[in-house]
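Working through the structure, step by step
Letter by letter, the chains look like this.
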Amino acid sequence: MAVRRRRALAAGGFAAGALGAAARLAVRRAAWSPNVAEEPAPLEFPPGFRFGAATSAHQVEGGTTNNNWARFERHVRPDGRPAISGDQRCGQAADHWERFPDDVELMAQLGLDGYRFSLEWSRIEPAEGRFDDAALERYRSWCVLLRAAGIAPMITLHHFTEPLWITDRGGFEDAGTVAAFARFVEHVVPALADVCDWWVTINEPAVYAVNGWLNGEFPPAKQDVALAGRVLEHLLLAHARAYHTLHEHDRVDADGDGIPCWVSLATNVVAFEPRHTWNPADVAAAKVAHANFNVRPLDACVDGRFRFGLPGLARRAATHAELAGTLDYVGVNHYFRALVGVNPRAPAGLEVGFDDVTEKNDMGWDLIPATLGDAVRFAARYGRPVVVTEHGICDGEVPDRRRRAFLLDSLHALADALGEGVDVRGYYHWSLMDNFEWAHGFAPRFGLYRVDYATQERTLTGGGQLYRDIIASHRARVGDPPAP
Ligand code: IFM
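Not measured: the values here are computed from a predicted model. (Residues numbered from 1 in each chain as written. Predicted model: local features only at pLDDT ≥ 70, side-chain atom pairs only at ≥ 80, totals over all residues. Heavy atoms only, no water.)

**Remarks on the overall build of the chain**
Threshold: Numbering of helices and strands starts at the N terminus; helices are DSSP runs of H or I of at least 4 residues and strands are runs of E of at least 2. With the radius of gyration taken over C-alpha atoms, the globule rule is written as 2.2 Å times the number of residues to the power 0.38. Buried, partly exposed and exposed residues are distinguished by accessible area as a fraction of the type maximum, computed with a 1.4 Å probe on protein chains only: under 20%, between the cut-offs, and over 50%, respectively. When checking whether two residues touch, look at their non-hydrogen atoms; a contact exists if any pair is within 4.5 Å. The charge count includes Lys and Arg as positive and Asp and Glu as negative, but it does not include His or the ends of the chains. Taken as the charge location is NZ of Lys, CZ of Arg, CG of Asp or CD of Glu.
Within the chain, the regular secondary structure consists of 14 helices and 15 strands. In terms of overall size, the chain behaves like a compact globule, its C-alpha atoms giving a radius of gyration of 21 Å where 484 residues would be expected to give roughly 23 Å. Burial analysis of the chain (484 residues in total) assigns 61% to the buried set. For the chain, the proportion of contacts with a sequence separation of at least 24, taken over those separated by at least 6, is 76%. The average position of the 50 basic charges and that of the 62 acidic charges among the side chains of the chain differ by 5 Å.

**Re the environment of Arg450**
Within the element layout of this structure, Arg450 appears in strand β14 (residues 449-452). Assessed through its relative accessible area of 27%, Arg450 is described here as partly exposed. Sequence spacing of Arg450 and Gly462 is 12 residues, and the spatial spacing of their C-alpha atoms is 9.9 Å. Beyond its immediate chain neighbours, meaning those up to four positions away, Arg450 contacts Gly396, Val398, Asp434, Arg445, Glu457, Arg458, Thr459 and Thr461.

**A few points about the sheet that holds strand β11 (residues 350-353)**
Put simply, the test is: Each pair of strands is called paired provided DSSP finds at least two bridges between the two strands. Axis definition: a line fit to C-alpha positions, over the contact stretch in the case of helices; interaxial angles, taken between N-to-C directions, run 0 to 180 degrees.
One open sheet holds the 3 strands; their spatial order is β6-β10-β11, and the pairing between them is mixed. In the strand order of this sheet, the two ends are held by β6 (271-274) and β11, each with one partner. Strand-to-strand twist across the sheet, computed as the mean angle between neighbouring axes with direction ignored, equals 35°. Relative to β11, strand β10 (residues 337-342) runs antiparallel, the two sharing 4 bridges. For Val340, the partnering residue across the bridge sits in β11 and is Val352.

**Overview of the site of the ligand**
Basically, it comes down to this: Any residue with a heavy atom positioned within 4 Å of a molecule or strand is treated as near that molecule or strand. What qualifies as a polar contact is a pair of N or O atoms within 3.5 Å, subject to a donor-acceptor requirement within protein and to the restriction that residues adjacent in sequence count only when both atoms come from side chains. Exposure was quantified through the Shrake-Rupley algorithm and a 1.4 Å probe, taking into account, for residues, occlusion by the shown protein chains and nothing else. Residues are said to line a cavity or pocket when one of their atoms sits within 4 Å of a point; the points come from a 1 Å grid over protein atoms alone, cavities being sets where a 1.4 Å probe fits but cannot get out and pockets being open sets with protein on both sides within 12 Å along at least five of seven lines. Pocket or cavity membership: a molecule qualifies when more than half of its atoms sit within 2 Å of the grid points of that site. Gly counts as polar in this scheme, as do all residues outside two lists: the nonpolar Ala, Val, Leu, Ile, Met, Phe, Trp, Tyr, Cys and Pro, and the charged Asp, Glu, Lys and Arg.
Gln59, His159, Phe160, Asn203, Glu204, Tyr335, Trp365, Glu390, Trp430, Glu437, Trp438 and Phe446 make up every residue found near the ligand. Glu204 is positioned with one of its side-chain polar atoms (N or O) 2.7 Å from a nitrogen atom of the ligand. For the ligand, whose unbound accessible area comes to 280 Å², protein coverage reaches 96%. Mapping the ligand onto the cavity grids shows that it belongs to the largest pocket. Looking at side-chain class alone, the shell around the ligand contains 6 nonpolar, 3 polar and 3 charged residues.

**Section: empty space enclosed by the protein**
Note the cut-off: Grid points are joined across faces, edges and corners, and a volume is the space filled by probe spheres set on the points.
Per the counting criterion, the structure on display carries 1 cavity of 30 Å³ or more. Contributing to the lining of the largest cavity are Arg50, Arg147, Ala152, Pro153, Val195, Cys196, Asp197, Trp198, Ala254, Asp255 and Pro484. By residue class, the composition of the lining of the largest cavity is 7 nonpolar, no polar and 4 charged.

**A few points about the environment of Arg381**
Mapped onto the elements, Arg381 comes out in the loop between α12 (370-380) and β12 (386-391). By relative accessible area, Arg381 is classed as exposed at 54%. In the structure, Arg381 is positioned 41 residues away from Val422 in sequence and 9.4 Å away in space, judged by C-alpha atoms.

**Topic: the layout of surface pockets**
Taken as a whole, the largest pocket spans an internal volume of roughly 1,000 Å³. Mapped onto the lining of the largest pocket, the elements with two or more residues apiece are α9 (205-213), α11 (280-303), β7 (305-310) and β11. Among the residues forming the lining of the largest pocket, the class breakdown is 26 nonpolar, 9 polar and 5 charged. If you add up the space inside the second largest pocket, you get close to 330 Å³. Residue composition of the lining of the second largest pocket, grouped by class: 6 nonpolar, 6 polar and 3 charged.

**With respect to the nonpolar core**
Filter applied, for reference: By nonpolar core is meant a set of buried Ala, Val, Leu, Ile, Met, Phe, Trp, Tyr and Cys residues that side-chain atoms within 4.5 Å join together.
Counting residues in hydrophobic clusters, the biggest one holds 145 residues, and the most contacted among them are Leu119, Leu157, Phe181 and Leu414. For this core, the element with the most residues is helix α10 (residues 225-249), which contributes 13 residues. The contact partners of Phe181, leaving out residues within four places of it in the chain, are Trp121, Leu157, His158, Phe172, Thr201, Ile202, Ala238 and Ala242.

**Section: the pairing of strand β4 (residues 198-203)**
By the criterion of burial, β4 is predominantly enclosed, with 6 of the 6 residues buried. Of the pairings in the sheet, the one linking β4 to strand β5 (residues 262-268) comprises 4 bridges and is parallel in character. In the sheet register, Trp198 faces β5, and the bridge partner there is Trp262.

**Notes on the sheet that holds strand β1 (residues 50-54)**
Spatially, β1-β2-β3-β4-β5-β9-β12-β13 is the arrangement adopted by the 8 strands of the closed barrel, whose pairing is parallel. Across the sheet, the mean angle from the axis of one strand to that of its neighbour is 25°, orientation sign disregarded. Each of β3 (152-158), β4 and β5 is contacted by α10, which is oriented at about 160° to β4, the strand it contacts most. Contacts from α11 reach β5 and β9 (330-334) within the one sheet, and its direction differs from that of β5 by about 160°.

**Details of the packing of α9 against α10**
Applicable threshold: Should an angle fall under 35 degrees it is taken as roughly parallel, and over 145 as roughly antiparallel, whereas 65 to 115 is taken as roughly perpendicular and any remaining angle as oblique. If you view the pair so one helix is near and one far, a crossing is left-handed when the near helix is turned anticlockwise from the far one by less than a right angle, and right-handed when it is turned clockwise.
The contact between α9 and α10 brings their axes to 9 Å, and the two run at 150°. Judged by the angle between their axes, α9 and α10 are roughly antiparallel. In the crossing of α9 with α10, the sense of the turn from one axis to the other is right-handed. Contact with α9, carried on its side by Pro205, Ala206, Tyr208, Ala209 and Trp213, involves Val225, Leu227, Ala228, Val231, Leu232, Leu235 and Leu236 of α10 and no other residues of that element. Grouping the constituent residues of the contact of α9 with α10 by class yields 12 nonpolar, no polar and no charged.

**Some words on the pairing of β6**
Side chains Ala271 and Glu273 project from β6 onto one buried face, and the interleaved Phe272 and Pro274 project onto a second face that is buried too. In the sheet, β6 pairs with β10 via 4 bridges, with the strands oriented parallel. Within β10, the residue paired with Pro274 across the bridge is Val340.

**Description of α10**
For clarity, the cut-off: To estimate how far a helix should reach, multiply one less than its number of residues by 1.5 Å.
For α10, with 25 residues, the first-to-last C-alpha span of 36 Å sits near the 36 Å given by 1.5 Å per residue. Across the 25 residues that make up α10, a large majority, 18, are buried. Near the N-terminus of α10, the side chain that reaches the backbone nitrogen of Ala226, with its oxygen 3.1 Å away, is that of Asp224.

This is how it looks when you write it as structure tokens:
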């Protein structure tokens, strides 16, 4: 099939000030639209590039009732709203726990090289020091199944959930949780090291800290800037402990590429722009957001210097030798461009939102395909290879017009970055199938496969068909063998 390119993409250029004001205004005027005419252009990825899809345990497995999110479902916010939109329960989610073999078949039909999933800590260690090795064995069997289907597993060790015994001790507010997580990792890694090479330690540490302790969207729904900084520091220390444990135990090169163990965290890179480019306060606010959210967590993993600071509100700085040099690659989750402005009433003194002209996904996030290219260019500054560990769009329309167009144009933006020499090794689409989108419940449809939650039937979306065709056309061009 011919994979064609839509019109020239609006430049995202984030880094809060990396672009001139004129270019940023052009972004807003040239708002991306999925309805433009197609122009021919090749979509090229290098041999060995991995096309994958991603999920996380709580969002798809079902039956994860012993964690912080299951408890949060019963939480009522101070204004009377339920914690989860519509007071929904995660329940059986997409029943991935029981349907995994069938779902591997669906992955194979897409032609995936890789599948990223997370371990549910609360299943494996339901009580402190009591390990359920049957649960761990199930995850191991998943890796074996994936590899037999030519799909390389990529395991995330922490993806927004932790067992209630951890929640009860204060979660990552408590420094002791770093040690508890390290013990969990020491238990699981020896059981999985010979069947997995690509690892993600912590998913989106800054999102977890900000949503849980700053804007209150995630559990424990606090709004405390200083605590958010502490949680972020502890998450990065947990990443460091996991990094070293992985390298100590994972010496088996499961896929024969010469690299037995490849580790990163998955950092959510947001393309921050000032709400009003003419307002110096907004420009400064966008820089603060970019520094704390995008830059400093990665800096800390390179040089060991943790820094977090919001002018006049909170400041944390510490050097941790064990954090230095803990990125083998940079895992990038990227979804949107956001506009930042000053708001003295907001907990962090700034607010993040979207414009009123750009095409949106179903959660109101701006859809600007070019920012995926900018996100990997930014990550490449750290001198490591980059993997897009998540990227996607929620589009509940049938047919999913925006998913197709956004995916195609975003992959072109990624291919452009590769063409400039940015070393990107893979792209994992979020998500393999529709899932439980945290506080938003089941309404946002991120899946390449649409899930009918009443029957658990999976249906390939238009975006899924396009992704399958792109992967097939890549294979036809470069003749890649399956990854594992
Ligand atoms: O669903 C989430 C995922 O858990 C983490 N990254 C962003 C996705 C979409 O919001």
